[in-house]
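A look at the structure
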Amino acid sequence: MATSYSSEAMLARLIGFPTVSRDSNLPLIDFVREYLAGYGVESRLVPNGAGTKANLYAQIGPDAPGGVILSGHTDVVPVDGQDWTTDPFALSEREGKLFGRGTCDMKGFNAIALAMVPEMVSRDLKRPVQIALSYDEEIGCLGVPDMVRAMRETLPPAEAVIVGEPTMMEVVTQHKGGIGLTTWVRGFPVHSSQLHLGVSAIMTAARLVDWHNQRNAQTRSEAVGAARGETRFAFNPPWTTFHVGLIQGGTASNITAEACSFTTDIRHLPEEDGDVWLDTYEAFAAEIDAEIRAIRPEAGVTVERRFRNPGCRKEPAETARAEALARQLTGDNGEHAVAYGTEAAFFQEEGYSVCICGPGSIDQAHQADEFITRDQVAAGEAFMRRLIDRLAA
């Protein structure tokens, strides 16, 4: 017998699955698949190579073109080291706020879409709703490309894709691209009093880290001098950023470090070619590599590319079907862009019209005591019901 859930009850179920990216999402996927099957909705899985995770997509309504894809990711970021006042994997409520890991990013949107399945099934939809749930978005959108290709091959073409990242139900039409790197520096250890005979991996890494500082100064200066009418100024900040988030190395204060590694996070404007920044950095790293090898042949620099996500571009007005639809459903006519990445760009690369619009605020994402307000859940439900009405008309 089919089970129905309110949006809040569905959110509680989804939060109860600790789908941190390092772990499997299959228990959540199995729950969703069984839930959809209870309403006669067939779902398809696109697993990862190891079979430990899976994307899920499904269609509700006629096998006809012109439908709408509701896209969300199932993974969440870790809670390690965060000072939570509630159980992060058990939904709790306080003063109109629903707390739990993933409440706003982005199981809130997923919960609303899934809770509306009985209504979608009961309506005589003229165009379908296609639900898309991906894995490993938080660590580089690793799952979504295969799912998008599978949907393109097996489902009728959708008119629009709504990616439900938390935007406070504002219509976001573009986001930055993302590049993730790890740089490994191999030094040669000697006593620090004989610094000239060795290679300090930490001091070498510092030169590479400073490359990021210089690029930040460069891109900021260029943005300040640019014409204010450019679309880049929908972004905050309106320039490409270069960030080092983690660094490890060294064994003692009086030993030149044998090893050091650090991570790079580049957020580039969607109209920029991210490969240019990659090539520039890797060329500089190669110069440093040659310098330290000349001192000690055992030394060296290696740059590992962890992920490369495209930016989402603002679509021309004549083809921006997703934007037009979302504006009609929300009444939002503002111009919005975000610095974080989403799976929207991967749909866009496959020819879909996309926008980002979902409940909750990105300000709460990835934080201890992450929450979504009940008001935002209600706004998401209203959006979803207006969408169903439109597809049934």
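Look up: the structure comes first, before these words.
What comes next is a walk through the structure.

Packed helices, taken two at a time, are described by the angle between their axes plus the distance between the axes. Relative to each other, helix α1 (residues 7–15) and helix α2 (residues 26–37) sit at 145°, their axes nearing to 10 Å. Counting all contacts with α1, which are made through M10, R13 and L14, the residues of α2 involved are L28, F31, V32 and Y35. For the contact of α1 with α2, the class distribution of residues is 6 nonpolar, no polar and 1 charged.

A few words on the pattern of salt bridges. According to the stated counting rule, one finds 19 salt bridges in the structure shown. A salt bridge links R374 to E8, with the shortest nitrogen-to-oxygen separation between them at 2.9 Å. Within this pair, whereas R374 is found in helix α10 (residues 374–392), its partner E8 is found in helix α1, the two being separated by 366 residues in sequence. Judged by its relative accessible area of 30%, E8 is partly exposed. Linking E335 and K314 is a salt bridge whose minimum nitrogen-to-oxygen distance equals 3.0 Å. A residue pair is termed long-range when its members are at least 10 positions apart, and E335 in the loop between α8 (321–330) and β13 (336–338) and K314 in the loop between β12 (300–309) and α8 qualify at 21 residues. Among the charged side chains, a network of salt bridges with common partners joins K314, E323, R327 and E335.

Right, let's talk about the nonpolar core for a bit. M10, V32, L36, L70, M120 and M384 are the most contacted members of the largest nonpolar core, which totals 54 residues. Per-element accounting of this core gives the leading share, 8 residues, to helix α3 (residues 103–115). In this structure, L70 is in contact with F109, A113, M120, V129, Q130, I131, A132, I162, M384 and L387, ignoring residues within four places of it in sequence. Formed by 25 residues, the second largest nonpolar core is a distinct cluster that contains M151, A345, F347 and I356.

A word on the sheet that holds strand β5 (residues 97–99). In any sheet, the strands associate via hydrogen bonds between backbone groups, in a parallel or an antiparallel arrangement. The strand order β4-β5-β15 describes an open sheet built from 3 strands, whose pairing is antiparallel. Only two strands of the sheet have a single partner each, and these edge strands are β4 (92–94) and β15 (371–373). The average undirected angle you get between the axes of adjacent strands in this sheet is 30°. Of the pairings in the sheet, the one linking β4 to β5 comprises 3 bridges and is antiparallel in character. Across the sheet, the residue bridging to R94 is K97, located in β5. Docked against the sheet, α3 engages β5 and β15, running at close to 50° with respect to β15.

By the element assignment, H73 lies in strand β3 (residues 67–73). Within the structure, H73 has its side chain in polar contact with the side chain of E137 (distance 3.2 Å). Non-local contacts of H73, meaning those with residues more than four positions away in its chain, are made with D105, M106, N110, S134, E137, E138, E165 and E343.

The topology assignment puts G360 in the loop between β14 (354–356) and β15. The exposure class of G360 is buried, given its relative accessible area of 2%. Separated by 12 residues in sequence, G360 and I372 have C-alpha atoms that sit 5.2 Å apart.

Read from one edge of the open sheet, 4 strands run β10-β11-β9-β12, paired in antiparallel fashion. Two strands bound the open sheet, and with one partner strand each, they are β10 (241–249) and β12. Pairs of neighbouring strands in the sheet enclose a mean axial angle of 15°, with direction left out of account. Two strands pair when backbone bridges link them, and strand β9 (residues 177–186) and strand β11 (residues 259–268) are joined in this way by 10 bridges, in the antiparallel orientation.

Here the focus is a nonpolar patch on the surface. Together, L195, I202 and M203 line one region of the surface with nonpolar side chains, adding up to about 260 Å² of accessible area. Within the secondary structure, I202 is located in helix α6 (residues 201–224). When its relative accessible area of 37% is taken as the criterion, I202 is described as partly exposed.

In this section: the pairing of β9. In regular strands, side chains alternate between the two faces of the sheet. Of all the 10 residues making up β9, 8 are buried; the element is thus mostly covered by neighbouring parts of the structure. Here β9 runs beside β12; their pairing, made up of 9 bridges, is antiparallel. Directly across from I179, in β12, lies its bridge partner R308.

Taking 1.5 Å of rise per residue, the 12 residues of α2 would be expected to cover 16 Å, and the 16 Å separating its terminal C-alpha atoms lies within 8% of that figure. Turning to α2, its buried residues number three or more, namely L28, I29, F31, V32, Y35 and L36. Within α2, the buried residues cover an arc of 160° as seen down the axis, which keeps them to one side. At its buried positions, α2 is contacted by α1, β1 (43–47), β2 (54–60), α3, α4 (117–122) and β6 (129–134).

What counts and what doesn't
Sequence order sets the numbering: in each chain, residues are counted from 1 along the sequence as written. Confidence filtering applies because this is a predicted model: local features only for residues at pLDDT of at least 70, side-chain atom pairs given and counted only at 80 or more, and all residues used for totals across whole chains, interfaces and linings. Hydrogens and water molecules were not included; the side-chain quantities draw on all heavy atoms of the structure. Geometry is summarised by axes, namely lines fitted to C-alpha atoms with helices restricted to the contacting stretch, and by angles between N-to-C directions that run from 0 to 180 degrees. Numbering of helices and strands starts at the N terminus; helices are DSSP runs of H or I of at least 4 residues and strands are runs of E of at least 2. We call two residues in contact when some of their heavy atoms are within 4.5 Å. All residues other than Ala, Val, Leu, Ile, Met, Phe, Trp, Tyr, Cys, Pro, Asp, Glu, Lys and Arg, Gly among them, are scored as polar; the first ten of these are nonpolar and the last four charged. Salt-bridge detection follows one rule: a side-chain nitrogen of Lys or Arg within 4 Å of a carboxyl oxygen of Asp or Glu. Three exposure classes are used, based on accessible area relative to the maximum for each residue type with a 1.4 Å probe and protein chains only: buried under 20%, partly exposed in between, and exposed over 50%. Among buried residues, the Ala, Val, Leu, Ile, Met, Phe, Trp, Tyr and Cys ones that are joined through side-chain atoms within 4.5 Å form a nonpolar core. At least two DSSP bridges between two strands are required for those strands to pair. Under this definition, polar contacts are N or O atom pairs within 3.5 Å; protein pairs additionally need one hydrogen-donor-capable and one acceptor-capable atom, and for neighbouring residues in sequence, both atoms have to be side-chain atoms. Grouping into patches uses exposed residues only, defined as over 30% relative accessible area, and leaves out salt-bridged ones; the cut-off is 9 Å for like charges and 5 Å for nonpolar side chains (Val, Leu, Ile, Met, Phe, Trp, Tyr). A 1.4 Å probe and the Shrake-Rupley method give the accessible areas. Residues count as covered only by the protein chains that appear here. What a helix is expected to span follows from its residue count: subtract one and scale by 1.5 Å. Each direction from the helix axis to a C-beta atom contributes to the arc, which is the arc of those directions.

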